[in-house]
Amino acid sequence: MVGGFRVAAGRFLDALACLAGRRCQLCDAVLADSRHFPLCPDCAGRLAPRRGGYCPECGICYADPTAPVYPCLACRMSPPPWSALAFQGPYDGALKELVHRHKFGHEHGLGRLLAFLAGQAWALRGLPRPDRIVPVPMLPALVLRRGFNQSAELARMLGSFMSRAPLLDGLRKVRDTRTQSSLGRAARRSNVSGAFAASSGVQGLHILIVDDVMTTGATLAECTRACLAAGASRVDVFALARAL
Ligand SMILES: [Zn+2]
Ligand SMILES: [Zn+2]
């Protein structure tokens, strides 16, 4: 299965390289060696996926990135509702800059780079391929205001990487919530409680829920519960970046 993904990933990158003219997708330097696509060696170093020193359940990053991967105390006491999690790295440095530029700078070309990083991070965790990929939804009014939902875009790109059609309306936001970043841990959970509903399209399927940035995981946990309540057989979650 891993070999198949390598071939699929290679084809995916070739297609992107043709579109992008073999330039570094972060700093725009011309790539001396096209095998480096999509990032020059310098940017690839700054955007290397996290390989150690984190909790595999919730993705919280420990101070030492070379430490082993082991569950944090909170997850040992109360594991999250999803079966497995993958993420690219902490929401910091070059990754934070990239997510921010894509989300608020309307540099939609960066979506392809984010998709590459997402695919790479997901493949690195060695998780089974899901049946469908479902983005964390935004309220329609917010999508209209911003012009796009970054998580939906990630789900689309990750879907083409995995040869899986995204299920863009697998989850709906059924009521408004306050911005999670302004709230403490307990308040975040009650803020999103019951805020999402899953469609019957997830029934009996292995679902991968995709978000751009995961903070405490309260939103992803609530989306996971909604999919399980609607009959999903397994739910994994993917976040591009894990807030520190
Ligand atoms: Zn670069
Ligand atoms: Zn944890």
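What counts, and at which threshold
- Residues numbered from 1 in each chain as written.
- Chains lettered and ligands numbered in written order.
- Predicted model: local features only at pLDDT ≥ 70, side-chain atom pairs only at ≥ 80, totals over all residues.
- Heavy atoms only, no water.
- Pairing = 2+ DSSP bridges.
- Helix = DSSP H or I, 4+ residues; strand = E, 2+ residues; numbered from the N terminus.
- Axes fitted to C-alpha atoms, helices over the stretch in contact; angles between N-to-C directions.
- Contact = heavy atoms within 4.5 Å.
- Donors = N, O, S within 2.8 Å, 3.2 Å for Na, K, Ca; no water.
- Tetrahedral: all angles 85-135°; square planar, octahedral: opposite > 155°, others 65-115°.
- Buried < 20%, exposed > 50% of the residue type's maximum accessible area, 1.4 Å probe, protein only.
- Phe/Tyr/Trp six-rings, centres within 6.5 Å; stacked < 30°, edge-to-face > 60°.
- Salt bridge = Lys/Arg side-chain N within 4 Å of Asp/Glu carboxyl O.

**Q** When you look at the sheet that holds strand β1 (residues 84-90) in this model, what are you seeing that I'm missing?
**A** Taken in spatial order, the 4 strands line up as β1-β6-β5-β2 in an open sheet, and their pairing is parallel. A strand with exactly one partner marks an edge of an open sheet, and here the two such strands are β1 and β2 (132-135). Shown here is a sheet whose adjacent strand axes are inclined to one another by a mean of 20 degrees, direction ignored. Of the strand pairs in this sheet, strand β5 (residues 206-214) and strand β6 (residues 234-242) are connected by 8 bridges, and their pairing is parallel. From the neighbouring strand, histidine 206 faces β6, where its bridge partner is arginine 234. Those strands touched by helix α7 (residues 150-162) are β2, β5 and β6, and its axis lies near 130 degrees from that of β5.

**Q** Explain the coordination of the zinc ion (ligand 2) to me, please; I cannot follow it from the model alone.
**A** Around a metal, the ideal angle is 109.5 degrees if four donors adopt a tetrahedral arrangement and 90 or 180 degrees if six donors adopt an octahedral arrangement. Around the zinc ion (ligand 2), the donor atoms from the protein are Cys55 (SG), Cys58 (SG), Cys72 (SG) and Cys75 (SG), and they sit 2.3 Å away. Taken together, the 4 donor atoms coordinating the zinc ion (ligand 2) span angles of 104 to 115 degrees at the metal, a pattern that classifies the geometry as tetrahedral. For the zinc ion (ligand 2), the donor residues sit on a single chain with the sequence spacing C-x2-C-x13-C-x2-C. Each of the two residues, cysteine 72 as well as cysteine 75, counts as buried.

**Q** Before we go on, may I ask you to explain the coordination of the zinc ion (ligand 1) in this structure?
**A** Within the protein, the atoms that donate to the zinc ion (ligand 1) are Cys24 (SG), Cys27 (SG), Cys40 (SG) and Cys43 (SG), at distances of 2.3 to 2.4 Å. The site at the zinc ion (ligand 1) holds 4 donor atoms, and with the angles between them running 101 to 114 degrees, its shape is tetrahedral. The sequence motif formed by the donor residues of the zinc ion (ligand 1) is C-x2-C-x12-C-x2-C. Taken as a pair, cysteine 24 in the loop between α1 (2-20) and α2 (41-46) and cysteine 40 in the loop between α1 and α2 lie far apart in primary sequence, 16 residues in all. For cysteine 40, a relative accessible area of 11% translates into the label buried.

**Q** Any chance you could explain the packing of aromatic side chains here in plain terms?
**A** Aromatic ring pairs: the centre-centre distance and the angle between the two ring planes describe each pair. For the coordinates displayed, the defined rule picks out 2 aromatic pairs. Pairing tyrosine 54 with phenylalanine 87 gives two aromatic rings, centres 5.0 Å apart and planes at 85 degrees, and the pair type is edge-to-face. With tyrosine 54 in the loop between α2 and α3 (73-77) and phenylalanine 87 in strand β1, this pair connects stretches of sequence that are 33 residues apart. Neither tyrosine 54 nor phenylalanine 87 differs from the other in exposure class; each is buried. Here the aromatic rings of tyrosine 62 and tyrosine 70 are separated by 4.5 Å at their centres, their planes lie at 20 degrees, and the arrangement is stacked. A relative accessible area of 18% means that tyrosine 62 is categorised as buried. Judged by relative accessible area, which is 38%, tyrosine 70 ranks as partly exposed.

**Q** Help me understand the side chain of aspartate 211, please; the structure alone is not making it clear to me.
**A** Tracing the chain through its elements places aspartate 211 in strand β5. The class for aspartate 211 is buried, based on a relative accessible area of 9%.

**Q** Just checking my understanding: could you explain the pattern of salt bridges for this structure?
**A** By the definition in use, this model includes 4 salt bridges. Measuring nitrogen to oxygen at the nearest pair gives 3.7 Å for the salt bridge that ties aspartate 28 to arginine 23. By relative accessible area, which is 47% here, aspartate 28 ends up partly exposed. Of the charged contacts, one joins glutamate 97 and arginine 101 as a salt bridge, the two residues approaching to 3.3 Å between their closest N and O atoms. Of the two residues, glutamate 97 and arginine 101 are both situated in helix α4 (residues 93-104); the distance of 4 residues between them amounts to about one turn of the helix. Residue glutamate 97 is classed as partly exposed on the basis of its relative accessible area of 36%.

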